[in-house]
Protein chains: 2
Amino acid sequence: MKSNAGPGEEARVRVDLGARSYDILIGPGRIAEAGAQIAQRLPDAQVAIITDETVAGLHLDTLGESLSAAGIKAVPIILPAGERTKSFEHLMQACDAVLDARLERGDAVVALGGGVIGDLTGFVAGIVRRGMHYVQVPTSLLAQVDSSVGGKTGINTGHGKNLVGVFHQPELVLADTDVLDTLSEREFRAGYAEVAKYGLIDRPEFFAWLEDNWREVFSGGAARVEAIATSCQAKADVVAADERESGHRALLNLGHTFGHALEAATGYDSRRLVHGEGVAIGVVLAHEFSARMNHASPDDARRVAEHLRAVGLPTSIHDIDGELPPPDILMEHIAQDKKVKRGKLTFILTRGIGQSFIADDVPQSEVLGFLKEKYTQ
Amino acid sequence: MKSNAGPGEEARVRVDLGARSYDILIGPGRIAEAGAQIAQRLPDAQVAIITDETVAGLHLDTLGESLSAAGIKAVPIILPAGERTKSFEHLMQACDAVLDARLERGDAVVALGGGVIGDLTGFVAGIVRRGMHYVQVPTSLLAQVDSSVGGKTGINTGHGKNLVGVFHQPELVLADTDVLDTLSEREFRAGYAEVAKYGLIDRPEFFAWLEDNWREVFSGGAARVEAIATSCQAKADVVAADERESGHRALLNLGHTFGHALEAATGYDSRRLVHGEGVAIGVVLAHEFSARMNHASPDDARRVAEHLRAVGLPTSIHDIDGELPPPDILMEHIAQDKKVKRGKLTFILTRGIGQSFIADDVPQSEVLGFLKEKYTQ
Ligand SMILES: NC(=O)c1ccc[n+]([C@@H]2O[C@H](COP(=O)([O-])OP(=O)(O)OC[C@H]3O[C@@H](n4cnc5c(N)ncnc54)[C@H](O)[C@@H]3O)[C@@H](O)[C@H]2O)c1
Ligand SMILES: NC(=O)c1ccc[n+]([C@@H]2O[C@H](COP(=O)([O-])OP(=O)(O)OC[C@H]3O[C@@H](n4cnc5c(N)ncnc54)[C@H](O)[C@@H]3O)[C@@H](O)[C@H]2O)c1
Ligand SMILES: [Zn+2]
Ligand SMILES: [Zn+2]
């Protein structure tokens with residue numbers, strides 16, 4: 001994705017969490033500011049930079065130079081790229097490397113990478129010396145608009161995704177919109193599914209703006225900065241209202257129950273489906289299912305599908321390469337994702353574009369019937 | 001240690017941490033109440049019990065029966081006894097076992113054991129599903145008066161003790177004073193060093209009471225309950241004032257800088273020195289060093305040493321079996337434990353019994369001179 005934003009196009013989103021509040025600074029060239037921004041917030045801190053091999057090759061030098069110019073000693077810790085890095089094994093390796101670097105509790109751990117690196121690094125920062133400072137430099141669109149906001153960190157285990165982790169808020173997030181220029185088109189689109197999701201949750205005017213401006217978001221510049229800032233603000237608002245995910249925060253899972261089931265059904269094989277693609281299909285399904293349950297008009301589902309299709313995202317289970325398991329197996333994945341209480345599921349449904357809500361009494365039988373229909377359509 | 005406490009001798013200490021406040025229930029037979037107490041606080045919760053092989057053989061059945069009588073489903077997870085269990089390897093194993101038991105975020109993890117099991121279990125409860133409920137049933141005196149209060153959890157790494165962990169407060173602590181009857185005399189004495197420490201920090205009347213009543217504390221009954229309750233209250237007061245250890249909480253480390261150095265100098269070989277024994281020698285040294293620095297009278301150091309010696313604890317470096325490394329190596333261990341800033345150390349010193357304070361400008365040279373003197377005395 002080529003960016004053509006000028007230096008004047010920047011934004012700042014404040015995540016309001018009392019004593020744990022922090023800034024997300026968004027715009028072109030933000031990485032070059034990292035040293036100065038960190039030195040200002042954490043004077044005297046040394047840092048360890050955790051990153052992956054792909055991102056290290058592209059952006060580690062820029063970050064390293066910025067830190068060194070600000071007089072900050074930095075030790076890089078480079079891990080393999082990919083979801084498998086979110087493991088106990090790499091957690092242990094990264095904790096050891098941070099201790100090897102002789103960092104103390106007042107020092108900081110910096111995440112330079114996508115959501116995988118962000119989730120792992122936040123967990124490391126949350127547990128080494130029972131909590132060190134943490135700075136995020138998210139480099140994928142998904143990480144900039146989603147995983148870098150909210151303080152959820154963690155790893156996967158044999159039992160499933162993100163099952164072990166902590167809540168640990170960063171001191172600062174630097175979302176450099178230029179680094180997205182080296183991201184693949186497919187990964188950019190996947191992150192865009194989450195951007196659109198914020199419009200669908202409770203910002204109908206943002207969704208409408210995206211319908212008009214998505215090409216500019218993809219090509220870079222002011223629209224990209226604006227889309228990222230609005231997304232961060234949307235997530236920050238929800239997180240501020242419900243930091244530890246006891247209720248309202250569940251709205252962020254719009255499209256994710258179906259999405260996660262599809263990821264599981266495709267064996268988490270990123271050649272077939274990446275998370276954001278699952279979310280794209282998932283939000284369309286959530287709107288269609290809401291229509292089926294008479295909460296929303298089928299026109300809204302069509303409008304959502306049309307926009308995501310225009311962007312190049314998959315919008316139907318038939319867009320997935322290869323065979324899917326039968327509907328009842330998909331239903332099992334859904335039931336595993338959500339706790340089923342007496343045949344009822346909690347689901348994020350909607351009354352229309354930007355009018356999502358938490359429904360905690362969705363009959364499992366209705367979901368299964370809906371899925372069967374979708375398979376034959 | 002034989003206990004002869006009657007059922008009327010119980011105590012309750014409230015740890016005041018706002019929304020994270022909880023009760024420590026102290027007295028004989030508390031394990032038998034576990035089921036009812038947990039059911040009352042966490043209705044519908046299932047539990048996993050993490051314990052070690054030694055404690056499982058002695059007290060797991062009692063706990064299991066109490067839970068089952070209250071209708072609580074419980075899965076035991078039994079780990080090897082000993083400090084080595086506080087490792088990444090056992091952390092991973094325990095997390096997996098909790099997930100195998102299909103526990104959800106609203107369920108609880110119960111620690112049944114000494115400080116090793118408590119520290120590991122609290123960490124597990126703090127990270128599985130980003131935080132589950134946590135109940136402590138401490139079974140060593142050290143765990144009842146120290147490690148079970150305050151929410152510090154963690155494991156050791158190749159770099160040192162307790163370097164990785166989280167702050168995670170329990171929902172409830174059940175200190176059953178009867179279970180101490182199966183503890184070895186040596187382990188009981190080691191825990192007693194921490195009890196005496198609370199008197200020395202800021203409760204001179206408690207220290208004087210211990211001088212008069214320590215035999216009853218050892219033999220069980222009302223005095224034991226009282227000593228444990230006063231210790232828990234002392235620690236709870238400090239923790240409530242400084243939950244995340246930013247200042248005042250450092251007073252709890254009275255005797256620990258010297259103690260940790262001695263543990264390191266003896267290679268953490270529990271045949272030579274266990275933690276509480278290091279603390280016993282450490283508090284005596286802290287009083288002697290305070291006298292040398294003209295903060296306190298040498299009489300106080302003599303009084304402390306006399307009491308701990310009467311109890312059967314070591315009080316001098318010469319009480320340790322085998323050779324110790326030379327004073328400058330001990331000094332290096334001290335400097336590693338505490339960050340040295342321009343030749344100055346932070347130390348807990350005292351102006352007399354129950355009058356400890358944080359000194360942050362102790363010259364390293366004075367400490368070394370003091371140690372050299374001790375070696376030749
Ligand atoms: N913590 C949260 O709240 C939260 C929210 C959503 C998702 N997540 C997690 O985020 C992860 C997915 O994040 P992701 O999609 O960023 O995955 P990722 O970190 O694996 O990044 C995707 C790929 O893009 C590469 N990449 C990243 N930035 C690049 C750049 N600027 N140029 C070129 N290549 C680049 C990476 O090396 C990787 O191969 C999942 O593990 C998911 O569970 C967490
Ligand atoms: N979290 C904190 O704030 C904190 C504070 C102080 C110490 N600690 C930690 O606590 C640990 C030391 O605790 P500990 O001394 O209880 O060690 P421990 O857990 O190893 O217990 C000592 C021994 O006594 C046995 N044991 C325990 N209860 C028994 C009983 N009722 N009957 C018979 N045997 C019993 C154990 O199996 C073990 O072999 C250290 O790892 C230390 O770092 C933590
Ligand atoms: Zn998502
Ligand atoms: Zn201690």
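Since the structure is predicted, the reported quantities are computational estimates derived from the model, not experimental observations.

## Description of the UniProt feature "domain: 3-dehydroquinate synthase N-terminal" (unreviewed entry) in chain A
Right, on to step 1. Mapped onto this structure's residue numbering, the UniProt feature "domain: 3-dehydroquinate synthase N-terminal" (unreviewed entry) falls at residues 77-189 of chain A.
Right, on to step 2. The span residues 77-189 of chain A shows a helical share of 34% and a strand share of 25%, and its end C-alpha atoms are spaced 28 Å apart.

## With respect to the coordination of the zinc ion (ligand 4)
Right, on to step 1. The zinc ion (ligand 4) binds to the protein through E194 of chain B (OE), H256 of chain B (NE2) and H275 of chain B (NE2); the donor distances cover 2.0 to 2.1 Å.
Right, on to step 2. Overall, E194 of chain B belongs to the buried group, its relative accessible area being 0%.

## Let's talk about the sheet that holds strand β9 (residues 172-176) of chain A
Strand pairs in the sheet, formed through backbone hydrogen bonds, run parallel or antiparallel to each other.
Residue and element names in this part refer to chain A.
Right, on to step 1. The strand order across the open sheet built from seven strands is β1-β2-β9-β6-β5-β3-β4, with neighbouring strands paired in mixed fashion. Of all strands in the sheet, those bounded by a partner on one side alone are β1 (11-15) and β4 (74-79). The sheet shows a mean angle of 15° between the axes of neighbouring strands, direction not considered.
Right, on to step 2. Set on the sheet, helix α4 (residues 115-127) makes contact with β3 (47-52), β4, β5 (108-113) and β6 (133-138); between it and β5 the angle comes to about 170°.

## Considering the interface of chain A and chain B
How big an interface is tends to be reported as the loss of accessible area on association of its parts.
Right, on to step 1. Every contact between the two is made by 28 residues of chain A and, on the other side, 28 residues of chain B.
Right, on to step 2. Of the roughly 2600 Å² buried at the junction of chain A and chain B (both faces included), carbon and sulfur atoms supply 58%.
Right, on to step 3. Considering only the surface of chain A that becomes buried against chain B, F88, R130 and H159 of chain A emerge as the three largest contributors, covering 29% of it.
Right, on to step 4. Counting every contact that joins chain A to chain B gives 10 residue pairs in polar contact (both at pLDDT 80 or more).
Right, on to step 5. Mapped by element, the contributors of at least two residues to the side of chain A that touches chain B are α3 (88-100), α4 and β8 (160-164) of chain A.

## Observations concerning helix α3 (residues 88-100) of chain B
Note that an α-helix has 3.6 residues per turn; residues three or four places apart therefore point the same way.
Residues and elements named next belong to chain B.
Right, on to step 1. Across its 13 residues, α3 extends 18 Å between first and last C-alpha, which sits within 8% of the 18 Å expected from 1.5 Å per residue.
Right, on to step 2. Those residues of α3 that sit buried are F88, H90, L91, A94, C95, A97, V98 and L99.
Right, on to step 3. R102 sits one or two positions beyond α3 and adopts a positive phi of about 60°.

## What about the coordination of the zinc ion (ligand 3)?
Around a metal, the idealised angle for a tetrahedral arrangement of four donor atoms is 109.5 degrees; for an octahedral arrangement of six donor atoms it is 90 or 180 degrees.
Residues and elements named next belong to chain A.
Right, on to step 1. Protein coordination of the zinc ion (ligand 3) is provided by E194 (OE), H256 (NE2) and H275 (NE2), with donor distances spanning 2.0 to 2.1 Å.
Right, on to step 2. The motif formed by the donor residues of the zinc ion (ligand 3), counted along the single chain, is E-x61-H-x18-H. Taken together, the positions of H256 in helix α9 (residues 256-265) and H275 in helix α10 (residues 275-292) put the pair 19 residues apart, joining distant regions of the chain. Across the pair, H275 and H256 agree in class, each one buried.

## What to know about the domain arrangement of chain A
All names here are of chain A.
Right, on to step 1. Annotation of chain A at the domain level lists domain 1 (11-179) and domain 2 (186-376).
Right, on to step 2. Taken together, the contacts link 24 residues of domain 1 with 25 residues of domain 2.
Right, on to step 3. In total, about 2100 Å² of surface goes out of reach between domain 1 and domain 2, with carbon and sulfur atoms giving 66% of it.
Right, on to step 4. It is L141, V145 and F167 in domain 1 that bury the most area against domain 2; as a group they hold 29% of the surface buried on that side.
Right, on to step 5. Linking domain 1 with domain 2 are one salt bridge, by the criterion used here.
Right, on to step 6. A salt bridge links K235 to D146; the shortest N-O distance between them is 2.7 Å.

## Details of the environment of P204 of chain B
Residue and element names in this part refer to chain B.
Right, on to step 1. With respect to the helices, strands and loops of the structure, P204 is situated in helix α7 (residues 204-219).
Right, on to step 2. Among the residues examined, P204 registers a relative accessible area of 35% and is labelled partly exposed.
Right, on to step 3. Excluding residues within four positions of it along the chain, P204 makes contact with G199, I353 and G354.

Cut-off values and rules
Residues numbered from 1 in each chain as written. Chains lettered and ligands numbered in written order. Predicted model: local features only at pLDDT ≥ 70, side-chain atom pairs only at ≥ 80, totals over all residues. Heavy atoms only, no water. UniProt positions renumbered as here; feature names shortened; annotations may be inferred. Helix = DSSP H or I, 4+ residues; strand = E, 2+ residues; numbered from the N terminus. Donors = N, O, S within 2.8 Å, 3.2 Å for Na, K, Ca; no water. Buried < 20%, exposed > 50% of the residue type's maximum accessible area, 1.4 Å probe, protein only. Pairing = 2+ DSSP bridges. Axes fitted to C-alpha atoms, helices over the stretch in contact; angles between N-to-C directions. Contact = heavy atoms within 4.5 Å. Buried area = accessible area lost by both parts, 1.4 Å probe. Polar contact = N/O pair within 3.5 Å; in protein donor to acceptor, adjacent residues only side chain to side chain. Expected span 1.5 Å × (residues − 1). Domains from an automatic or database assignment. Salt bridge = Lys/Arg side-chain N within 4 Å of Asp/Glu carboxyl O.

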